[in-house]
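# Structural description and commentary
Chain by chain, the residues run as shown.
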Amino acid sequence: MEQQNIAVGLDIGTTKIVAMIGRYNEYNKVEILGIGKSKSLGVHRGVVNNITQTIQSVQQAVQEAENVSGIKIKDVVVGIAGQHIRSLQHSDYITRSNADAVIDSTDIDALCNQVHKLVMLPGEEIIHVLPQEYKVDGQSEIKEPIGMYGGRVEANFHVVVGQVASIRNIGRCVKSAGLSLDRITLEPLASADAVLSQEEKEAGVALIDIGGGTTDLAIFKDGIIRHTAVIPFGGNVITEDIKEGCSIIEKQAELLKIKFGSAWPGENKDNEIVSIPGLRGRDPKEITLKNLSKIIHARVVEIIEQVYLEIKNYGHEEQKKKLIAGIVLTGGGSQLKHLKQLVEYITGMDTRIGYPNEHLAGDSDSETTSPLFATAVGLVMNSLEQGLYNSTEEVVEEVQEDTSREEVDTDTSSKETFQTPTAPKKSIFDRWAEKFKDFLDNAE
């Protein structure tokens, strides 16, 4: 097994927690070595509201991934979403003391650090500072200023902000589950890595990730992230509506949605009926599929309209900001029948369902390439791309199976330190991850 090529993504969602282990194969595609998922019990709308239950769910998912892959997980990259996330645009500049020297990464760091000093609302913390375009001495639309001459370096930033308490709670759950937190990444950015092509990002595209508790939006144009938003509605709200509207229990409502649900009421005939077993000897309930899809349709329209409002806020209707590649739907909620057609009807934009198979090895199983796992695949890719492995840190341990192949003897497990042959140049993300780690350690 190649040493430096292993990464672990942990997607802490509202309905499920997924741990995914991956590495690059010889064709530079991501090969999934193991995947574990558990029911998420302590998370509501992307925010941890029960630490103990979340820790148990995380441990269960990690345990399953370890059993499948035979690799002991230590460091993970965690995705963050939730209704507390917001984003803003900010411009900042630095004046360089020596304009005759070329601009280097320390100047860009100084500029980014300046943005980190922005005064936030009480209890908020900056999660990402993403440079969009630079200006050097008034010359605009520069994508990479390093190596140029100039006295004044200016940049537009996309700043993602979240609540300190929510971020610390996630950090606490990961630590208490016996794992080390490598970095936190915004989930829509991870999903975008997994399902969008570079051409789409250049042309302009809106990624809509419909999860259980939240719907995440990420807008790209000219290859740069332009807008992010988290809408506090997802698939669970639809299930809740079915439960209330049909007077059935949640488990039945969820099954009904998955098996017979449709976002387009016109598809079902009036005489199509589903019979649901009654509770404890009560008579079964009969529900018409037309009524079911009307309930689903009403809520889905509300979610799509909120997302479309965010797309309009970004400025999609301006000619320069037009999203030529339209919309890409991903996440578990995107599997709802006729959703693509409804989104096209409401927004008038081209729409496709995003599967994370483009970057995966050809022999990946169909479960891994489902939109359900887009975020987890994105987190693994994100980690592999950033080359986050510190040469002094132990990332994974091979689990050595004994001859009986029945139980793992932890005392004799061979420990290998996975490290990159040459220490990669630290990116803005890496330096931010280090700062964030210090912040979490000090907060304990």
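Everything discussed here concerns the structure shown above.
Here we summarise the structure given alongside this text. (Residues numbered from 1 in each chain as written. Predicted model: local features only at pLDDT ≥ 70, side-chain atom pairs only at ≥ 80, totals over all residues. Heavy atoms only, no water.)

## Structural notes on the overall build of the chain
Within the chain, the regular secondary structure consists of eleven helices and 20 strands. Out of the 444 residues belonging to the chain, those deemed buried represent 52%. Summed over all atoms, the accessible surface of the chain reaches about 20900 Å², with 47% contributed by carbon and sulfur. (Helix = DSSP H or I, 4+ residues; strand = E, 2+ residues; numbered from the N terminus. Buried < 20%, exposed > 50% of the residue type's maximum accessible area, 1.4 Å probe, protein only. Areas by Shrake-Rupley, 256 points an atom, 1.4 Å probe, with all protein chains shown as cover.)

## Let's talk about the layout of surface pockets
A volume near 1300 Å³ is recorded for the largest pocket. In this structure, the largest pocket is lined by 46 residues; those nearest its centre are Thr-15, Gly-212, Asn-236, Glu-254 and Lys-257. For the lining of the largest pocket, the secondary-structure elements that each account for two or more residues are β1 (7–12), β4 (43–44), β13 (205–210), α6 (235–246), α7 (250–260) and α10 (374–386). Looking at the lining of the largest pocket, the element that brings in the most residues is α6, giving six residues. Its residues placed into classes, the lining of the largest pocket shows twelve nonpolar, 21 polar and 13 charged. (1 Å grid on protein atoms, 1.4 Å probe; cavity = no way out; pocket = protein on both sides within 12 Å on 5 of 7 lines; lining within 4 Å. Points joined across faces, edges and corners; volume = space filled by probe spheres on them. Nonpolar A, V, L, I, M, F, W, Y, C, P; charged D, E, K, R; others polar.)

## Considerations on helix α1 (residues 51–69)
When the terminal C-alpha atoms of α1 are compared, their 27 Å separation across 19 residues agrees well with the 27 Å that a helix rising 1.5 Å per residue should span. All of the buried residues in α1 are Thr-54, Ile-55, Ser-57, Val-58, Ala-61, Val-62, Ala-65, Glu-66 and Ser-69. The backbone nitrogen of Thr-52 has a side-chain oxygen 3.2 Å away, supplied by the residue at the start of α1, namely Asn-50. In the stretch just after α1, Gly-70 is the one whose phi turns positive, near 75°. (Expected span 1.5 Å × (residues − 1). Polar contact = N/O pair within 3.5 Å; in protein donor to acceptor, adjacent residues only side chain to side chain.)

## With respect to the sheet that holds strand β15 (residues 224–231)
Within a sheet, each strand pairs with its neighbour through backbone hydrogen bonds, oriented either parallel or antiparallel. One open sheet holds the five strands; their spatial order is β15-β14-β13-β18-β19, and the pairing between them is mixed. Only two strands of the sheet have a single neighbouring strand rather than two, namely β15 and β19 (351–353). Across the sheet, the mean angle separating the axes of adjacent strands is 20° when strand polarity is ignored. Pairing geometry for β13 and strand β18 (residues 327–330), over four bridges, is parallel. Looking at β18, one finds that Asp-209 is bridged to Thr-330. Relative to the sheet, helix α8 (residues 289–314) contacts β13, β14 (215–221), β15 and β18, its axis offset from that of β14 by approximately 30°. (Pairing = 2+ DSSP bridges. Axes fitted to C-alpha atoms, helices over the stretch in contact; angles between N-to-C directions. Contact = heavy atoms within 4.5 Å.)

## Details of the side chain of Ser-370
Counting through the fold element by element, Ser-370 comes out in the loop between β19 and α10. With a relative accessible area of 11%, Ser-370 lands in the buried category. Once residues within four sequence positions are removed from consideration, Ser-370 is found in contact with Gln-335 and Pro-356.

## Here we look at the sheet that holds strand β12 (residues 180–186)
Pairing is mixed across the open sheet formed by five strands, whose spatial order is β3-β2-β1-β7-β12. What marks the edges here is a single partner per strand, and that holds for β3 (30–39) and β12. When strand polarity is set aside, the average angle formed by the axes of neighbouring strands in this sheet is 25°. Pairing between β1 and strand β7 (residues 75–80): three bridges, direction parallel. Bridge pairing links Gly-9 to Val-77 in β7. Strands β1, β7 and β12 of the sheet are contacted by helix α4 (residues 187–195), whose axis makes an angle of about 80° with β12.

## Some points on the nonpolar core
Ranked by internal contacts, the top residues of the largest apolar core, which has 60 residues, are Leu-10, Ile-12, Val-78 and Leu-179. Beyond its immediate stretch of four places on either side in the chain, Val-78 contacts Leu-10, Ile-12, Ile-170, Val-174, Leu-181, Arg-183, Ile-184, Thr-185 and Leu-379. Listed in part, the 40 residues of the second largest apolar core include Ile-238, Cys-246, Ala-263 and Val-307. (Core = buried A, V, L, I, M, F, W, Y, C linked by side-chain atoms within 4.5 Å.)

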